[in-house]
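# Structural overview for review
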Amino acid sequence: MSNRCATLNKIIPFSCVDGPGNRQVIFLQGCNLRCLNCHNPYTMALCDDCGDCVATCPHGGLSMVDGKVIWDNVACQLCDTCLQTCTKNSSPMTIPLSVSEAISSLNKNVMFLNGVTISGGEATTQLPFIIDLFKAIKASPLLNHLTCFIDTNGHLAKAGWARVIDYTDGVMVDLKAWSDECALRLTGKDNQRVFETIQLLANAGKLYELRLLYIPQQTDYQEHIDVLAEFINTLPSATRIKINAFQQHGVKNEAANWLAATQTEVEAFAAQLRARGVENIHLPNVYL
């Protein structure tokens, strides 16, 4: 088995909202976007060992050893003071996760699982780990019935998808805006590679879910509702269209003052899509 390691932010042993069925979700650290509306901005960057957080930790859960910030998960009280201290959208509360360790965790919980989802941050920034992990799952008599999903912002290049597509059972992709102008403002990058990813996955039969994050007065879905619906209608009918509602919790900077999406607004947006032939729409279960 591969000894490949990834930088892990956290593992959720059981989740019913990150793909079909009950799934173990592995959240990797690091992202190639800088979304203003990110609900988990501390997952964006890898720790650069500056040490600013060490001095502010009130429980002695952090130390500096040989120029590296070391996290003591026993002493840590999960107060998140370090996350509030960090000015670089990172976290010292990460650990290396090997493929063998991930497989061991899945083995312990396999009786309760339908699959595994790799998320982030942006999962595909650590693509070699995903490939080796999915290969190991497919090769395991105990685990090979589990479906292997990726949660992504869609910015992986075609060459990257070609390396992992055969080992992936489904992918969930965020379309954070319709126009390049809006995408650049919200995320720091345009949409061209996202559209390429969506089409590639659709053609391969691996596009499980297309997600739209509705942000009042910020996203441009309704401004381009006709072409958006036309595009969605070209996708396989089995593709779930998930509309998420923006909320301010966890958000930093200017987006913390943006309006939250209400149930009425989201349902009206869904109705506009349905009126244009879009089906298989899924709405939030709760609005907080």
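Since the model is a prediction, treat every value here as computed from it, not as a measurement.

### Some words on the side chain of R23
By the element assignment, R23 lies in strand 2 (residues 23-28). For the buried R23, which has no salt bridge, the nearest side chain bearing the opposite charge is D169, at an N-O separation of 6.4 Å. Within the structure, the side chain of R23 is placed 2.9 Å from the backbone oxygen of P20, a separation counted as a polar contact.

### What to know about the pattern of salt bridges
Using the criterion set out here, one finds nine salt bridges in the structure. Measuring nitrogen to oxygen at the nearest pair gives 2.7 Å for the salt bridge that ties R240 to E209. Taken together, the positions of R240 in strand 10 (residues 240-245) and E209 in strand 9 (residues 207-214) put the pair 31 residues apart, joining distant regions of the chain. Relative accessible area serves as the criterion here: at 5%, E209 is assigned to the buried category. The salt bridge partner of R276 is D226, with a shortest N-O separation of 2.6 Å. Of this pair, R276 sits in the loop between helix 9 (263-275) and strand 11 (281-282) while D226 sits in helix 8 (residues 225-232), and the two are 50 residues apart along the sequence. For R276, a relative accessible area of 33% corresponds to the partly exposed category. What makes D226 exposed here is its relative accessible area of 51%.

### Some thoughts on the nonpolar core
Counting 60 residues, the largest nonpolar core has L133, F134, I137 and L273 as its most contacted members. Here this core gets eight residues from one element, more than from any other, and that element is helix 4 (residues 127-139). Beyond its immediate chain neighbours, meaning those up to four positions away, F134 contacts V116, I118, C148, F149, I150, V164, Y167 and T168. Counting ten residues, the second-largest nonpolar core is a separate cluster that includes A183, L186, L213 and F246.

### Brief notes about unusual backbone geometry
Cis rather than trans, the peptide bond between G120 and G121 has omega equal to 20 degrees. The backbone phi angle of D66 is positive, close to 50 degrees, even though this residue is not glycine. Phi is positive for L78, which is not a glycine, with a value near 55 degrees. Mapped onto the secondary structure, L78 falls in the loop between strand 4 (68-71) and helix 2 (81-85). With relative accessibility at 59%, the residue L78 sits in the exposed group.

### Describing the packing of helix 8 against helix 9
Two elements in contact, helix 8 and helix 9, have axes whose closest approach is 9 Å; the angle formed by their N-to-C orientations is 65 degrees. Considering how the two elements wind past one another, helix 8 and helix 9 form a crossing that is right-handed. Along the contact surface, helix 8 presents I225, L228, A229 and I232, while helix 9 presents F269, Q272 and L273. Taken together, the residues that form the contact of helix 8 with helix 9 break down as six nonpolar, one polar and no charged.

### With respect to a nonpolar patch on the surface
A cluster of nonpolar residues, F14, M111 and F112, forms a patch on the protein surface that exposes about 390 Å² of accessible area. Here F14 lies in strand 1 (residues 5-15). Taking relative accessible area as the criterion, F14 reaches 42% and is therefore assigned partly exposed.

### Considerations on helix 7 (residues 192-204)
Here helix 7 contains 13 residues, and its C-alpha end-to-end distance of 19 Å stays within 8% of the 18 Å for a straight helix at 1.5 Å per residue. By the burial criterion, the buried members of helix 7 are V194, F195, T197, I198, L201 and A202. The arc that holds every buried residue of helix 7, seen down its axis, measures 160 degrees, which confines them to one face. Immediately beyond the C-terminal end of helix 7, within one or two residues, lies G205, with a positive phi of roughly 75 degrees.

### Quick word on the side chain of N109
You can see N109 is positioned in helix 3 (residues 99-109). A distance of 3.4 Å separates the side chain of N109 from the backbone oxygen of S105, its partner in a polar contact. N109 has contacts with P13, F14 and Q24, leaving out every residue within four places of it along the chain.

### Observations concerning the pairing of strand 3 (residues 62-65)
The pairing of strand 3 with strand 4 spans four bridges and is classified as antiparallel. When the bridges of strand 4 are listed, M64 appears paired with V69. Between strand 3 and strand 4, which pair antiparallel one after the other, the connecting turn spans two residues, and D66 there sits at a positive phi close to 50 degrees.

### A look at the sheet that holds strand 11
Pairing is mixed across the open sheet formed by nine strands, whose spatial order is 5-1-2-6-7-8-9-10-11. With one partner strand each, in any of the chains shown, strand 5 (95-98) and strand 11 form the two edges of the open sheet. Here strand 6 (residues 115-119) pairs with strand 7 (residues 147-152) via four bridges, running parallel. In the sheet register, T117 faces strand 7, and the bridge partner there is F149. Strands strand 8 (170-174) and strand 9 of the sheet are contacted by helix 7, whose axis makes an angle of about 155 degrees with strand 8.

Cut-offs applied
- Residues numbered from 1 in each chain as written.
- Predicted model: local features only at pLDDT ≥ 70, side-chain atom pairs only at ≥ 80, totals over all residues.
- Heavy atoms only, no water.
- Helix = DSSP H or I, 4+ residues; strand = E, 2+ residues; numbered from the N terminus.
- Buried < 20%, exposed > 50% of the residue type's maximum accessible area, 1.4 Å probe, protein only.
- Lys, Arg positive; Asp, Glu negative; His and termini not counted.
- Salt bridge = Lys/Arg side-chain N within 4 Å of Asp/Glu carboxyl O.
- Polar contact = N/O pair within 3.5 Å; in protein donor to acceptor, adjacent residues only side chain to side chain.
- Core = buried A, V, L, I, M, F, W, Y, C linked by side-chain atoms within 4.5 Å.
- Contact = heavy atoms within 4.5 Å.
- Axes fitted to C-alpha atoms, helices over the stretch in contact; angles between N-to-C directions.
- Left-handed = near helix turned anticlockwise from the far one by under 90°.
- Nonpolar A, V, L, I, M, F, W, Y, C, P; charged D, E, K, R; others polar.
- Patch = residues over 30% accessible without salt bridge, like charges linked within 9 Å, V, L, I, M, F, W, Y side chains within 5 Å.
- Areas by Shrake-Rupley, 256 points an atom, 1.4 Å probe, with all protein chains shown as cover.
- Expected span 1.5 Å × (residues − 1).
- Arc of directions from axis to C-beta.
- Pairing = 2+ DSSP bridges.

No statement about biological role is implied by the geometric values presented.
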